[in-house]
Each structure stands twice: as structure tokens, then as C-alpha cells.
Amino acid sequence: MSKYTDKEMAMLYDDTKCTACKACQVACKQWNVLYSPLGLNEDPFTGSYQSPMDLGPSTSLVIQFQEKKSDNKFRPVEWAFGRRSCFHCTDAGCVTVCPTGALSYAENGVVQVKPEKCIGCNYCNMACPFDVPRYWGPERKIDKCTMCYDRLENGRKPACVTTCQPEALHFGPREEMIKLGKERVAIMKEKGYDKCELYGENEMSGLHILQVCKYGHEASGLPTDPSMNVFAPLAKWTRPLAGLATAATVIGLGISYFMNLGYKRKPETLAEAKESWTPAQRKTASQLVAAAEKKLAKKERAEDSTN
């Protein structure tokens, strides 16, 4: 077992060090083989440096650009960067509602995804307070950040972490990442960033993507006290009911099969059947008979000419 899969791990994103170079986005696409639109002007300019503007079937990670005016004359604009992807919640709504097991917890805290089990029900998207899960392909299979679990299994850090030059991304045991995040918050507050905070220590019972927010979580576009959809917990109760309904259906079909063993339908003559035909059925029957007669006449003419 890898050192990154045998205990609880987490990633720390420090937006105070991030330069928004988007190298992490590129690394994510390269490692996970996620395509990018290549058509002319396929991604029109939106007026923002952020690109793309949202997660999608080929984008599991986006660096966000949040711009806000400030009353501070030395910092008139608060330009906060944010990392948008799956947060790998300890109490994940998507795992709670998934009826097929396409989403599950790994021992290290990663929310794993198995697209081959996905039925495209979209429940996970409705339950996620961060609006993360997306679907792709003709069969509508789920797509989201996996924290490069295949790399973790082989003792390697996520692709985005290894490519970050300003060291805004860190990966390691969750307790160490929390400690590192709090230390950075203390440094930033000494520098006058009073709203600086660590996001993710307690949200959703603890996130495995932690974030140091220089201007506070709201400036970074993160929800206050996130929670899953109120209807999501009902999925835990509906699963057993769905199983019982399936079992009852199978039993009912079995009983019906055995009760009808030996049953034979009473033969029905053509004349009797015609009595219940609709006008459309009569018309179709007439057309079929005419076509058959025409084909038979043609065959007889061909035989006569041969003889």
C-alpha cells in the first residue's frame, strides 16, 4: 500500500501564493487525458481572465478569478484566486445519494468515482453544495476530480501539486495540511489581511481540499456553512425500499409464470379475428393481400414465358 493511501490525506491550496498561471489546470488535463476545444473562437472571450468559466465534462479543475473593490487605498482592488474542483468531503452528499456505488470513500479520504457504474441519474449533482459533478459522453457518465488516485496508489502526488511553481499547492497528511494552513493564515493577518482564513477544516465534517483564503471564503466564491440538499439523506431510506420493490416484482413474475404453466390459448379463426380489426388494420391487410397477389401473378407469368 502506498504512503498516500494508507492514512487520511489532504491537499492545501494557498491563494496567497497562487499566481493563477493555470499550470495546474494543464497538468490535470494532461494526466487525466481531458480534451480541450480546438475550434476557432470555440471559447469566446468573456471579459474575464478565467477560462473556462465553469467545470465541465472535460474540465475537472478551474482556477477562478474573483475581483472586488476595496476601501483600502493601498489595495483598492481585492483580486482573489480560487481553486474550483471536487472538495472530497468527509460527509459527501454525492456518496450519500448515489444508488449504484459509482461514488465511494477511499481510506485516505478521497471520494472515488467509477464511471462504469454510473447510470446518469444526476442525484450527486443535486446533493453537492459546491455544484461539482458533471456528466459527459452519450451515456452521461459522471466526471469529477479524482485527486489523481492512480498516482497516489503509486506513491506520487497529484499532478496539479507537482506542477505548481510558486508552491501554492501542498499535499500530505490532513493534520499537517491544517497546521500548515493555520500558520499561513497567522502570517497573512500580521501583514494586515484581517479576513484571511482557512476553509475546509470543519465544513462538511472536514474537506480534503483545504484552502487559505486571503480575503475570506466569500471573496473566493465559497459557500458559508455548506450542507447537502435536504432531500439527500432520504436516499438512504429509499434504497432498501427500492430493493424490496424489485424483490416483490421478481416474486410476482415467478408466481405468474407457475400459475400459467399448461395454459393454452383457444384457437381463433381468421373470420373471428377480422371482427375485432380496426379500419386501419383492415386497410393494411388489404394492401398486404394485394401485394401478395401481384407478386404471385408476376411469378406465374415468368414461369409461363419459360415454358
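Residues numbered from 1 in each chain as written. Predicted model: local features only at pLDDT ≥ 70, side-chain atom pairs only at ≥ 80, totals over all residues. Heavy atoms only, no water.

**Student:** Sorry if this is basic, but what is going on with the sheet that holds strand 9 (residues 197-199) here?
**Tutor:** Two pairing modes exist for strands in a sheet, parallel and antiparallel, and in both the strands are linked by backbone hydrogen bonds. The four strands lie next to each other as 8-1-10-9, forming an open sheet whose pairing is mixed. The two strands at the open ends of the sheet, each matched to only one other strand, are strand 8 (169-173) and strand 9. Averaged over all pairs of adjacent strands, the angle between their axes in this sheet comes to 25 degrees, without regard to strand direction. Sheet analysis places strand 1 (residues 9-14) next to strand 10 (residues 209-213), joined by four bridges and oriented parallel. Counted as the bridge partner of D14 is V212 from strand 10. Against the sheet, helix 6 (residues 174-190) engages strand 1, strand 8, strand 9 and strand 10, with an angle of about 140 degrees to strand 8. (Pairing = 2+ DSSP bridges. Helix = DSSP H or I, 4+ residues; strand = E, 2+ residues; numbered from the N terminus. Axes fitted to C-alpha atoms, helices over the stretch in contact; angles between N-to-C directions. Contact = heavy atoms within 4.5 Å.)

**Student:** What should I look at first to understand the confidence of the model for the chain in this one?
**Tutor:** Detailed reading of the predicted coordinates is not advisable wherever pLDDT falls low. Taken residue by residue, the chain gives an average pLDDT of 86. The fraction at 70 or more is 89%. When mean pLDDT is compared element by element in the chain, strand 1 scores highest at 98, while helix 7 (residues 234-259) scores lowest at 64. (pLDDT = per-residue confidence, 0-100.)

**Student:** How should I be thinking about the environment of P115 in this particular structure?
**Tutor:** Summarising the element assignment, P115 is placed in the loop between strand 5 (111-113) and helix 3 (123-127). Here the alpha-carbon distance between P115 and L103, two residues twelve residues apart in the chain, equals 8.6 Å. Each residue touching P115, except ones within four places of it in the same chain, is listed here: K141 and I142.

**Student:** What exactly am I supposed to notice about the nonpolar core here?
**Tutor:** The nonpolar side chains of soluble globular proteins are, as a tendency, buried together. Counting 51 residues, the largest nonpolar core has M11, L103, F130, L169 and F171 as the members making the most contacts within it. Discounting residues that sit within four places of it in the chain, F130 has contacts with R84, F87, C89, Y199, M204, L207, P223 and P226. With 14 residues, the next largest nonpolar core counts A80, L198, Y215 and A219 among its residues. (Core = buried A, V, L, I, M, F, W, Y, C linked by side-chain atoms within 4.5 Å. Buried < 20%, exposed > 50% of the residue type's maximum accessible area, 1.4 Å probe, protein only.)

**Student:** Teacher, can you tell me more about a nonpolar patch on the surface here?
**Tutor:** Together, Y49, V77 and W79 make up a nonpolar patch on the protein surface, roughly 320 Å² of accessible area in all. Position of Y49 among the secondary structure elements: in the loop between helix 1 (23-32) and strand 2 (62-69). (Patch = residues over 30% accessible without salt bridge, like charges linked within 9 Å, V, L, I, M, F, W, Y side chains within 5 Å. Areas by Shrake-Rupley, 256 points an atom, 1.4 Å probe, with all protein chains shown as cover. Salt bridge = Lys/Arg side-chain N within 4 Å of Asp/Glu carboxyl O.)

**Student:** Sorry, what's going on with the packing of aromatic side chains here?
**Tutor:** What describes a pair of aromatic rings is the distance from one ring centre to the other and the angle between the planes of the rings. In the structure shown here, the tally under the stated rule is eight aromatic pairs. Where F65 meets F81, the ring centres are 5.2 Å apart and the plane angle is 75 degrees; that geometry is what we call edge-to-face. Of this pair, F65 sits in strand 2 while F81 sits in strand 3 (residues 77-84), placing them 16 residues apart in sequence. Each member of the pair F65 and F81 is classed as buried. With 5.9 Å between their ring centres and 65 degrees between their planes, Y193 and Y215 make a pair best called edge-to-face. One end of the pair, Y193, is in the loop between helix 6 and strand 9; the other, Y215, is in the loop between strand 10 and helix 7, and 22 residues separate them in sequence. Just as Y193 is buried, Y215 falls in that class too. Here a set of aromatic residues connected by ring pairs shows up, and it is made of Y49, F65, W79 and F81. (Phe/Tyr/Trp six-rings, centres within 6.5 Å; stacked < 30°, edge-to-face > 60°.)

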